[in-house]
Amino acid sequence: MAVSDHVDFNGFMDGVKRRNAYQPEFVQAVQEVAEDIFDFIADKEDYHEQQILRRIAEPDRVMSFRVCWEDDKGNIRVQRGWRVQNNNAIGPYKGGIRFHPSVTESVLKFLAFEQTFKNALTGLPMGGGKGGANFNPKGKSEREIMRFCQSFMTELYRHIGADVDVPAGDIGVGGREIGFMFGQYKRITNQFTGVLTGKGLEFGGSLIRPEATGYGAVYFMSNMLTAKGDSIEGKSAVISGSGNVATHAAEKIVQLGGKPLTMSDSGGFIHDPDGLTQEKINWIKQLKNERRGRISEYADEFKGATFHEGNTPWNVDCDLALPCATQNELLGDDARALVANGCIAVSEGANMPSDLEAVHVFKDAKIMFAPGKAANAGGVAVSGLEMSQNSERRSWSEDELQQMLKDIMSGIHERCLTYGDMGGGYVDYVKGANIAGFKKVADAMLAFGVV
Ligand code: NDP
Ligand code: 2IT
C-alpha cells in the first residue's frame, strides 16, 4: 500500500465511532492516543500495512456475563459482569476489576485500551485487560460483598490464569474483595497460583502494592519537577478522590514536604487550608476503609476545614493538582481555572480524569501534565513485581520494592522524554507516553505477523 493511500486521522476516528456507537469513553481514549500516533507512524510503512493501530483499538475479546447473588433480605439480585482482554502482545492480560454502578462495556474497553500502553511503559511483560461489574458496593454488608465477589469469580475464573490474565483491584475493589475472589478461585480450581494481584501479605501479596499507585503518581510529579530544577517541597497540592490512590498520593506529598489541601468523593470536596497531615490522612483511611463513611465528615472532625457539597476541588488555588477519583472528573473549565490560579503541574492518579478539552488546555498552556497511563503506572508495576514474587515463590523486602518502584517511575519518565521532548524546555508527556507505549506493543505485533 502506498503511503498516500493511508486512511487519515478523521477517517480512522469515523470508523472507530461507527464500530463503537454508544461507547463514548472508549472512543475518547482511542482518540487521545490516535492524535499522537498518526504523526508518529506517518512515514512508517510497516505499521500502516499491518494495520497495527486498528488492531490495538479492537479488543482481543470481550466477555460479558450474568452475576446473580442473594442480598441479606433474601432477594435475588442480578448484575452484569465483564472482562475485556485488549491485547497480550507483550505479556499476559493484566489490569484491575472495578465495581461501580457506572461500569459499562465502554468504560471497561477504555480502561483495557489505556492499560495496554500503561503496562508497556512500565518495562515489565504485561498485556492489557480490565474487568468489572455494575455492582454498587455502597451500603452493602460484608456478607453481601462476599457473596457478590464469589458469584463474580464463579464466572470469571474460566477466563483468567497466572499466565493468561491476571486481574487486580480498581474502584470499589480493594484488599478485602481480592481476598474473597482469590478464595473462590482457589476453591473452584484447587490451585494456589498468582492469578490475582493486590492479595493479602499472608497469601502471596506484595509489600507496598496498596501504596504503589498514589506514591508512584507523586514520584512522577517529582521527576517532572526535578527535570526543571524544582521539587515538591513547600508546594500546595489539590487532590480529588479519597480512596486508595488519593490517600496514598496525599501521604507521599506530605513525606516530600508538600501540603495537600483537598480530598473529595462523589458527594463533594473538603478544603483544609492548614494542609492534611499524616494523622489526618490516617483518619481518612480509617473513615473510608473501616467505617465506610463520607468525606464530608472530615469538616466536622477538623477545625478550619470546609465541605463543599456537589463540587470538585479544581477552583482552589494550588501549585500542583492530582486528580485521583475517576474518568472525566476534570473538564475544560476546570483546567482553565487551574492554569489561571497558578497550577504548574498535573499528575493523573486516576485513569483519564481529564477530558479531551482539559488535556488540550494543559498542552496549550505548556504546563507539566502527566497522563494517567504514565503517572499511575506504579500500581500495576508493583502488581507485576507481585507476579514475579509469586513465580519465584518468595517475597522481596520493603526497601527493595520501594527502590524498584522509584526506578520504574523514573524509567517511565525517561521513556516519555524520548518522544515527548519538544525542545525549549517543554515536554509533551501525553505524546511521549502514547508513542513509547504504542511502539513496544506495535513492534511485538509486527513480529507475530497477522494473528
Ligand atoms: P477507590 O474505590 O479506592 O476510591 C475511589 C474514589 O473516587 C472514592 O473517593 C470515590 O468516591 C471517588 N469516585 C469514584 N467514582 C466517582 C464518581 N463517579 N464521581 C466522583 N467521585 C468518584 O478507587 P481507587 O483509588 O483505587 O481508584 C481511583 C482511580 O485511580 C480510578 O480512576 C482507578 O482506575 C485509578 N487507578 C487505580 C489503581 C489502583 O491500584 N487502585 C491503579 C491505577 C489507577 P465515592 O466513595 O463517593 O464513590
Ligand atoms: O488502572 C490500573 O492500573 C489498576 N487498576 C491496577 C491494575 C493492576 O493490575 O494492578
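Relevant structure appears above.
First, a word on scope: everything that follows refers to the structure included in this document.

What counts as what
- Residues numbered from 1 in each chain as written.
- Chains lettered and ligands numbered in written order.
- Predicted model: local features only at pLDDT ≥ 70, side-chain atom pairs only at ≥ 80, totals over all residues.
- Heavy atoms only, no water.
- 1 Å grid on protein atoms, 1.4 Å probe; cavity = no way out; pocket = protein on both sides within 12 Å on 5 of 7 lines; lining within 4 Å.
- Points joined across faces, edges and corners; volume = space filled by probe spheres on them.
- Nonpolar A, V, L, I, M, F, W, Y, C, P; charged D, E, K, R; others polar.
- Near = heavy atom within 4 Å.
- Polar contact = N/O pair within 3.5 Å; in protein donor to acceptor, adjacent residues only side chain to side chain.
- Areas by Shrake-Rupley, 256 points an atom, 1.4 Å probe, with all protein chains shown as cover.
- Helix = DSSP H or I, 4+ residues; strand = E, 2+ residues; numbered from the N terminus.
- Axes fitted to C-alpha atoms, helices over the stretch in contact; angles between N-to-C directions.
- Parallel < 35°, antiparallel > 145°, perpendicular 65-115°, else oblique.
- Left-handed = near helix turned anticlockwise from the far one by under 90°.
- Contact = heavy atoms within 4.5 Å.
- Expected span 1.5 Å × (residues − 1).
- Buried < 20%, exposed > 50% of the residue type's maximum accessible area, 1.4 Å probe, protein only.
- Pairing = 2+ DSSP bridges.

Attention now moves to the layout of surface pockets. Counted as a void, the second largest pocket has a volume near 400 Å³. Looking at the second largest pocket, it is lined by 20 residues, and the ones nearest its centre are Gly194, Met387, Ser388, Asn390 and Ser391. A class-by-class count of the residues in the lining of the second largest pocket yields seven nonpolar, ten polar and three charged.

Right, let's get into the site of ligand 1. The full set close to ligand 1 counts 26 residues, and Asp170, Thr213, Ser266, Arg294 and Asn351 are the nearest of them. Serine 242 is positioned such that a nitrogen or oxygen atom in its backbone is 2.9 Å from an oxygen atom of ligand 1. Backbone polar atom of asparagine 244 to an oxygen atom of ligand 1: 2.9 Å apart, as the coordinates give it. When ligand 1 is considered free in solution it has 890 Å² of accessible area, and contact with the protein chains removes 84% of it. Put simply, the parts of the chain that give the shell around ligand 1 at least two residues each are helix H8 (209-227), helix H9 (244-255) and strand S8 (262-265). Taken together, the residues of the shell around ligand 1 sort by class into five nonpolar, 13 polar and eight charged.

This part covers the packing of helix H12 (residues 332-340) against helix H13 (residues 356-365). Interaxial distance between H12 and H13 falls to 7 Å at its minimum, and their mutual angle equals 25 degrees. Judged by the inter-axis angle, H12 sits roughly parallel to H13. Like other packed secondary-structure pairs, H12 and H13 cross with a definite hand, here right-handed. Between H12 and H13, the contacting residues are Gly332, Ala335, Arg336, Leu338 and Val339 on the first element and Glu357, Ala358, Val361, Phe362 and Ala365 on the second. Taken together, the residues of the contact of H12 with H13 break down into seven nonpolar, one polar and two charged.

On to helix H6 (residues 142-156). Compared with an ideal rise of 1.5 Å per residue, which puts 15 residues at 21 Å, H6 spans 21 Å between its outermost C-alpha atoms and is within 8% of the ideal. Listed as buried for H6 are Glu144, Ile145, Phe148, Cys149, Ser151, Phe152, Met153 and Leu156. Where H6 is buried, its residues meet strand S1 (61-70), strand S2 (76-87), strand S3 (93-99), strand S4 (128-133), strand S5 (165-168) and helix H7 (175-189).

Quick look at the site of ligand 2 now. In the region of ligand 2, 14 residues are neighbours, and Lys94, Lys118, Lys130, Asp170 and Ser383 sit closest. In this structure, glutamine 115 approaches ligand 2 through a side-chain N or O atom, which is 3.0 Å from an oxygen atom. Take asparagine 351: an N or O atom from its side chain is 3.0 Å from an oxygen atom of ligand 2. Summarising the interface, the protein chains cover 94% of the accessible area of ligand 2, which totals 290 Å² for the free molecule. Secondary-structure elements contributing two or more residues to the shell around ligand 2 are S3, helix H5 (105-121) and helix H15 (377-392).

Further remarks concern the sheet that holds strand S12 (residues 345-347). Reading across from one edge, S7-S6-S11-S12-S13 is the order of the five strands in this open sheet, with parallel pairing throughout. Both outer strands of the open sheet, strand S7 (259-260) and strand S13 (368-370), are each paired with one neighbouring strand and no more. Judged from the two bridges that link them, strand S11 (residues 320-322) and S12 form a sheet pairing that is parallel. Bridging from a neighbouring strand, alanine 321 pairs with valine 346 of S12. Sheet strands touched by H8: S11, S12 and S13. Its angle to S12, the strand with the most contacts, is close to 150 degrees.

Turning our eyes to something else, we now look at the environment of lysine 373. Checked against the element boundaries, lysine 373 lands in helix H14 (residues 372-375). Lysine 373 gets classed as buried once you look at its relative accessible area, which sits at 0%. The spatial distance from the C-alpha of lysine 373 to the C-alpha of glutamate 114 is 6.4 Å, given a sequence separation of 259 residues. Discounting chain neighbours no more than four positions away, the residues touching lysine 373 are Glu32, Val33, Glu114, Phe117, Lys118, Leu121, Ala433 and Asn434. A polar side-chain atom of lysine 373 sits 3.4 Å from a polar atom in the side chain of glutamate 32. Here glutamate 114 takes part through its side chain, which lies 3.3 Å from a polar atom of the side chain of lysine 373.

Let's shift gears to H5. For H5, which comprises 17 residues, the first-to-last C-alpha distance of 25 Å matches the rise-based estimate of 24 Å (1.5 Å per residue) to within 8%. Just past H5, the residue glycine 123 takes up positive phi, approximately 85 degrees.

The next subject is the environment of leucine 121. With respect to the helices and strands, leucine 121 occurs in helix H5. For leucine 121, a relative accessible area of 0% puts it in the buried group. For the pair formed by leucine 121 and leucine 446, sequence separation is 325 residues and the distance between their alpha carbons is 18 Å. Those residues within four positions of leucine 121 in sequence are excluded, and the remaining contacts are Lys373, Ala374, Ile412, Arg415, Ala433, Ala436 and Gly437.

This part takes up the sheet that holds S5. Taken in spatial order, the five strands make up an open sheet running S1-S2-S4-S3-S5, and their pairing is mixed. Two strands close off the open sheet at either side, each with one partner strand: S1 and S5. Direction aside, the axes of adjacent strands within the sheet are offset by 20 degrees on average. Looking at chain direction, S1 and S2 are connected through ten bridges and run antiparallel. Across the sheet, residue arginine 61 finds its bridge partner in S2, namely glutamine 85. Contacts from H5 reach S1, S2, S3 and S4, with the element oriented near 150 degrees to S4.

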